[in-house]
Amino acid sequence: MEPAKISVWTPATLANINVGFDGLGCALSAPGETLIMHRNAHRGSVCIRSIEGANLPLETDMNVASVAAKSLLQTLGNPCGIDIDIIKEIKPGSGIGSSAASAAGAVFALNELLDAGLRPDELLPFALDGEALASGSRHADNVAPALMGGLVLCPPEGAPMAIPIPSDWHLVILHPDCVIRTEEARQVLPLEVPFRDAADQARWMGVFMAACHRGDGMLAAFALEDLLAGPFRIPLIPHFDAVRRVALEHGARAGGISGSGPSTFWIARTQEECAQVASALKTLMKSVNMDFDVHQTRISHQGSRVIQ
Ligand code: HSE
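From a predicted model like this one, the values you see are computed outputs, not experimental measurements.

Tell me what's going on with the packing of aromatic side chains, and back it up with residues and numbers.
The final tally for this structure, using the stated rule, is three aromatic pairs. Ring geometry for W169 versus F208: centroids 6.2 Å apart, planes at 55°, classification tilted. Residue W169 is found in the loop between β6 (161–163) and β7 (170–176), and its partner F208 is found in helix α6 (residues 195–214); the two are separated by 39 residues along the sequence. Pairing W204 with F222 gives two aromatic rings, centres 5.8 Å apart and planes at 75°, and the pair type is edge-to-face. One end of the pair, W204, is in helix α6; the other, F222, is in helix α7 (residues 217–222), and 18 residues separate them in sequence. Overall, the relative accessible area of 24% leaves W204 in the partly exposed class. Look at F222 and you get exposed, because its relative accessible area is 53%.

Right under this line is the structure:
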């Protein structure tokens, strides 16, 4: 007998990671969001009952979780209806995969609730139907790691690929309290980039991949040159230059914009260095009177998972 209700937790994600615009992302150990899905007898009906922790639309066609769930429910033949409650710890528009967590959590929960047996990569297109509503584009660099966990490469064609995680990365995520909508952050990007930058970016991505496979996390951090999107998005991020200077001065090895911002990520080699970077960034944010959240986190092997 399939359960009448299921609770799942889905991690926040760090996308692009400087070298892999729209193609590279990883799951974080925290924060995340909880989604509770209830089955009912109204076949094909998908209803968002409540959202805690964020002010987001409840209308079925306006919410990424319900759009993603509806897409999968239809493909499975609408055997039932569902109600969804969401508890968000990931702030929308913060650049750490808030919409992806909702979309991935919804399809993962439905797959479990109906015992449909789809693999995470098979759930991806349905989650992307939800993600596309939020960002206006079907990039999988947040949704794929949210579903699969770990570090994931999403090639232009074909299934997402798991990449070995740089095991010595300790991450600080700094979220200055403002919202940048992915759709808007994509509008500042150029349609074309210089050939030289594209070639160099491919070389840095190659170094990053080789370093991950060699287990050399510091070489992977060294390779994080953002030549394509970063230069155009830095002006959108409050105090980016000061944040970068302070993070690097206090022990961060590398960093950049998380997804489409405004969050930034900074890589430290140890827990202690990570705490130092976090503390220095807190002091900086207070000195410029900017509200903020700081997360000290790791790359997590786990994507969406059942918690109840
Ligand atoms: N790759 C995406 C972007 C991530 O940078 O626009 C944000 O969803």
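For helix α10 (residues 271–287), give the residues involved together with the corresponding values.
Taking 1.5 Å of rise per residue, the 17 residues of α10 would be expected to cover 24 Å, and the 24 Å separating its terminal C-alpha atoms lies within 8% of that figure. Within α10, the full set of buried residues consists of E273, C274, V277, A278, A280, L281, L284 and M285. The arc that holds every buried residue of α10, seen down its axis, measures 165°, which confines them to one face. Structural note: α10 exposes E272, T283, K286 and S287 on the side pointing more than 90 degrees away from its buried face. The inward-facing, buried residues of α10 contact β7, α9 (240–249), β9 (264–268) and β10 (292–297). Downstream of α10 by one or two residues, N289 has phi in the positive range, about 55°.

Hey, could you go over the domain arrangement of the chain for me, with residue numbers and the actual values?
With domains assigned, the chain is organised as domain 1 (5–162 + 301–307) and domain 2 (164–297). The C-alpha centroid of domain 2 is placed 24 Å from the C-alpha centroid of domain 1. Each side of the interface is counted separately: domain 1 has 30 residues, and domain 2 has 38 residues. Together, the buried faces of domain 1 and domain 2 total about 2500 Å²; carbon and sulfur atoms form 62% of this surface.

Could you give me a rundown of α9, with the residues and numbers involved?
When α9 is considered as a whole, its buried residues turn out to be F240, V243, V246 and A247. An end-on view of α9 places all buried positions within 135° of arc, on one side of the element. Facing away from the buried side of α9 by over 90 degrees, the exposed positions are D241 and E249. In the core, the buried residues of α9 are packed alongside β7, β8 (254–257), β9 and α10.

Can you explain the layout of surface pockets? Please cite residues and give values.
Of the pockets and cavities examined, the largest pocket occupies roughly 690 Å³. In terms of lining, the largest pocket is formed by 36 residues, of which the most central are G93, S99, A134, S135 and T182. Sorting the residues of the lining of the largest pocket by element identifies α1 (64–75), α2 (98–113), α3 (120–135) and α5 (182–187) as the ones contributing at least two each. With four residues, the single largest contributor to the lining of the largest pocket is α3. Among the residues making up the lining of the largest pocket, the classes are represented as 13 nonpolar, 16 polar and seven charged. Roughly 370 Å³ of internal volume is contained in the second largest pocket. Around the second largest pocket, the lining is made up of 19 residues, and of these D22, G23, C154, P155 and P156 lie nearest the centre. No other element matches the three residues that α3 contributes to the lining of the second largest pocket.

Kindly report on the packing of α1 against α3, identifying the contributing residues and their values.
Interaxial distance between α1 and α3 falls to 8 Å at its minimum, and their mutual angle equals 145°. Here α1 and α3 pass one another in a crossing that is right-handed. For the pair formed by α1 and α3, the contact residues are V64, V67, A68, S71, L72 and T75 on the first element and L123, F126, A127, D129, G130, L133 and A134 on the second.

Can you tell me about the pairing of strand β3 (residues 46–52), naming the residues and giving the values?
With six bridges connecting them, β3 and strand β4 (residues 81–88) associate as parallel partners. Of the residues in β4, the one forming a bridge with S50 is D85. For the handedness criterion, the β-α-β arrangement of β3, α1 and β4 is classed as left-handed.

Which residues make up the pairing of strand β1 (residues 5–15), and what values do they have?
The two faces of a sheet get side chains in turn, since along a regular strand they alternate between them. Burial analysis of β1 places 10 of its 11 residues in the buried class, which makes it a mostly covered element. Summarising the sheet, β1 and strand β2 (residues 24–40) pair through 10 bridges and their orientation is antiparallel. Bridged to W9 within β2 is T34. Relative to strand β11 (residues 305–306), β1 is paired through two bridges, and the arrangement is antiparallel. Among the inter-strand pairings, V8 is bridged to a residue of β11, identified as V306.

Cut-offs used in this document
- Residues numbered from 1 in each chain as written.
- Predicted model: local features only at pLDDT ≥ 70, side-chain atom pairs only at ≥ 80, totals over all residues.
- Heavy atoms only, no water.
- Phe/Tyr/Trp six-rings, centres within 6.5 Å; stacked < 30°, edge-to-face > 60°.
- Helix = DSSP H or I, 4+ residues; strand = E, 2+ residues; numbered from the N terminus.
- Buried < 20%, exposed > 50% of the residue type's maximum accessible area, 1.4 Å probe, protein only.
- Expected span 1.5 Å × (residues − 1).
- Arc of directions from axis to C-beta.
- Contact = heavy atoms within 4.5 Å.
- Domains from an automatic or database assignment.
- Buried area = accessible area lost by both parts, 1.4 Å probe.
- 1 Å grid on protein atoms, 1.4 Å probe; cavity = no way out; pocket = protein on both sides within 12 Å on 5 of 7 lines; lining within 4 Å.
- Points joined across faces, edges and corners; volume = space filled by probe spheres on them.
- Nonpolar A, V, L, I, M, F, W, Y, C, P; charged D, E, K, R; others polar.
- Axes fitted to C-alpha atoms, helices over the stretch in contact; angles between N-to-C directions.
- Left-handed = near helix turned anticlockwise from the far one by under 90°.
- Pairing = 2+ DSSP bridges.
- Right-handed = clockwise from strand over helix to strand, strands pointing away.

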